[in-house]
Structures are given as structure tokens and as C-alpha cells.
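Structure assessment
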Amino acid sequence: MRHLIDPMDLSVEEIDELLDLADDIIAHKDKYAKVCEGKKLATLFFEPSTRTRLSFEAAMMELGGNVLGFSSSDSSSSAKGESVADTVKVVSCYADIIAMRHPKEGAPLLASLKSDAPIINAGDGGHNHPTQTLTDLLTIRREKGKLSDVTVGFCGDLKFGRTVHSLIKALSRYENIRYIMISPVELEIPKYLREEVFEQKGISYEQVRTIDEVIDRLDILYMTRVQRERFFNEADYIRLKDTYILDMPKLKNAKEDLSILHPLPRVNEISVEVDDDPRACYFRQALNGKYVRMALIMKLLGIEKPE
Ligand code: NCD
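**Thoughts on the state of the cysteines**
Evaluation of the coordinates by the stated rule reveals 0 disulfides. For Cys36, which is in no disulfide, the shortest distance to another cysteine sulfur is to Cys93 and amounts to 20 Å.

Here it is, written out as C-alpha cells:
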């Protein structure tokens, strides 16, 4: 039985296969409408979500399967003090596959040790978010036609943003990626990523404080929300929350074929006026998330691609 807890749980070949399968699902949706008939996905969300939970549920429905679950810890027995391990042990008797989001780093890993069904980490605290990474990789591949030889700017909350952490890890296995980290000093990438990914693999990256000084060089701009729920005090959040606001004047020197990604939800960091620019990819990205989750559910359930 395979779980997906960390983006590195998948080999580069497996990621390529998942993205190929997602592309095929997009091209031939009808072919996949019944492949998960009789199967159930449980979504256990101990933390808020719109896209991730609903795209998982839509993914399973579009594969012909069923869904069950809860969308907040208040509405589960965790409010009575049940451990994650017990919850998962029980839910794995009811469902064939489980997607789980939890505010504590490592909770899905612990769950995977107790579960009788595959566990998918749908976000654990400020740590990992591997299915957002698959979404991001599919989006980059569909927009750019490749996953190597690109200049990527990561902007915003690089300290607490789990989507950034997982995407950096995943990209570190592709060739010739130039990384530019755009953040205030307080929100730089965590030390473990610096040491375990960049230093260990001998990959260099630039660190800057403004979008303006690098926008003309970027192929991809990955914007992120300042992660309010992970701050220790509100005053710091208020001071940092509007550090970066991407608007049309900021895009003046950007490449014609820049791809602007954002895992969403956005707060103020991208003005709505940018949404109509063809370079804004974030709503297409959200849609890609459903297709790549369809591919992942099939893989973890061992369902073959239909003829
Ligand atoms: C992200 C998350 O939950 O980490 N959202 C998502 O899954 N698309 C990003 C965020 O909350 O800022």
C-alpha cells in the first residue's frame, strides 16, 4: 500500500506518469467516468479548505466513486479528544482511500502508520502539501511545456507556506532551474530547506526583497498568501501582510509569456485587475488540481488507465 505524505515519496518517473495521466483525463474525460465505481474517498479536514477538499471530492465523483468525510475538527470526534491515530484506524474501515489535512506537522505521516487505506497528505501545518505540488507541476508543464530550464520567483510567505516548501523540494530534481526567493527577512525559507535541499544538492538561489528588481527575468512567478494562522502574534502579521501586491504596473517589465501561479486563496497579494491578463494562471491551476487528484486517486488505488 502506498501513501503520499511528502512530494519526495514519488519518483520523478512517477510524477511524469501522473502528469501524463492527468493530461489524458483532461483530453478524454468520459473514458474515466466509471473507473472508481464502488470505491469511497474519505476527506478528513481538521483545518479549513475550499479547493483542496472540494477538488478531491469532485475528483472522486468524476471517477464514478463516492465521498464521505468532515470539513472541520469540531464536527468530528477529535472535538471529544480522539487521537488522529484512532480516527484514521476507524475511517480506514469505511473508506478505500483517505485525504487528510491537519494543522500539526507530521499528523498525516502518523496516520499512515495506523491506516488500512492509503493516506494522502492534503496539507500538514507549515510543512508539506504534495497534491498542491502535483497541481503546480501540471500547471507549469501545461503552460510552459517543460519542467526544466526555467526561472522561478517564489514570492511572499516562504517561511510558513507549505506549498512553497513542497514545490521547492519537487523542483530540485529537475534540471537547470533558477530560483529567486522574494520575501521580507522575517519570511525567508526555513533553515531545513536551505540545508537539506539547496546546500545538500549544491543548488544556488538568489534572495531579494522586491518583485521589481527581478520581474523582467522570471518565467514563473509563484505568489503566496501570508499565512496568518501560523503567526505567533497578530501585530507581526499585520505588519507583513501587504508587503507584496502584484498589480498591472508591477507587470510592466514582465515577460510576455510569464506564468503567474498562486495556490489560492489570495487575500491582497494579487489585484483582481491581473485576473484578466493571459499570464494569470491561478484559476486554470485550481482546475488542474482536480485532474491531477483524479490521477493520484487512480494510482494509489491501483486502477489501470482504461483503453
Ligand atoms: C494553500 C494551503 O492550504 O496551504 N491552499 C491550497 O491548498 N490551495 C495555500 C494557502 O492556504 O495559502
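Back to the write-up after that little detour.
**Concerning helix H6 (residues 162-171)**
Counting buried positions over the 10 residues of H6 gives 10, a clear majority of the element. Taken together, the buried positions of H6 are occupied by Arg162, Thr163, Val164, His165, Ser166, Leu167, Ile168, Lys169, Ala170 and Leu171.

**Some points on the site of the ligand**
The environment of the ligand is formed by Thr52, Arg101, His129, Gln132, Arg162, Thr163, Arg225, Gln227, Pro263, Leu264 and Pro265. At a separation of 2.7 Å, an oxygen atom of the ligand approaches a polar side-chain atom of Arg162. Taken together, the residues of the shell around the ligand break down into 3 nonpolar, 5 polar and 3 charged.

**Considerations on the domain arrangement of the chain**
Each assigned domain of the chain is listed with its residue range as follows: domain 1 (7-129 + 289-301) and domain 2 (131-285). Here the C-alpha centre of domain 2 lies 25 Å away from the C-alpha centre of domain 1. With 32 residues of domain 1 in contact, the opposing surface of domain 2 contributes 27 residues. Summing both sides of the interface, domain 1 and domain 2 together bury roughly 2,500 Å²; the carbon and sulfur share of this comes to 54%. Arg230 is the partner of Glu47 in a salt bridge, and the nearest nitrogen-oxygen pair spans 3.0 Å.

**Quick look at unusual backbone geometry**
With an omega dihedral of 5°, the bond running from Leu264 to Pro265 counts as a cis peptide bond. Within the chain, Asp149 stands out as a residue other than glycine whose phi angle is a positive 55°. Position of Asp149 relative to the elements: it lies in the loop between helix H5 (130-144) and strand E5 (150-155). With relative accessibility at 35%, the residue Asp149 sits in the partly exposed group. The phi angle at Asn176 is positive, at roughly 55°, despite the residue not being glycine. By the secondary structure assignment, Asn176 is in the loop between H6 and strand E6 (177-182). Among the residues examined, Asn176 registers a relative accessible area of 48% and is labelled partly exposed.

**Remarks on the sheet that holds E5**
If you walk across this open sheet you meet the 5 strands as E7-E6-E5-E8-E9, and the pairing is parallel. Each end of this open sheet is capped by a strand with a single partner; those strands are strand E7 (205-208) and strand E9 (259-261). Mean inter-strand twist for the sheet, computed between neighbouring axes without regard to direction, equals 20°. Relative to strand E8 (residues 220-223), E5 runs parallel, the two sharing 4 bridges. Within the sheet, the bridge partner assigned to Val152 lies in E8 and is Ile220.

Here is what the cut-offs are and how they apply
Residues numbered from 1 in each chain as written. Predicted model: local features only at pLDDT ≥ 70, side-chain atom pairs only at ≥ 80, totals over all residues. Heavy atoms only, no water. Disulfide = S-S within 2.5 Å. Buried < 20%, exposed > 50% of the residue type's maximum accessible area, 1.4 Å probe, protein only. Helix = DSSP H or I, 4+ residues; strand = E, 2+ residues; numbered from the N terminus. Near = heavy atom within 4 Å. Polar contact = N/O pair within 3.5 Å; in protein donor to acceptor, adjacent residues only side chain to side chain. Nonpolar A, V, L, I, M, F, W, Y, C, P; charged D, E, K, R; others polar. Domains from an automatic or database assignment. Contact = heavy atoms within 4.5 Å. Buried area = accessible area lost by both parts, 1.4 Å probe. Salt bridge = Lys/Arg side-chain N within 4 Å of Asp/Glu carboxyl O. Pairing = 2+ DSSP bridges. Axes fitted to C-alpha atoms, helices over the stretch in contact; angles between N-to-C directions.

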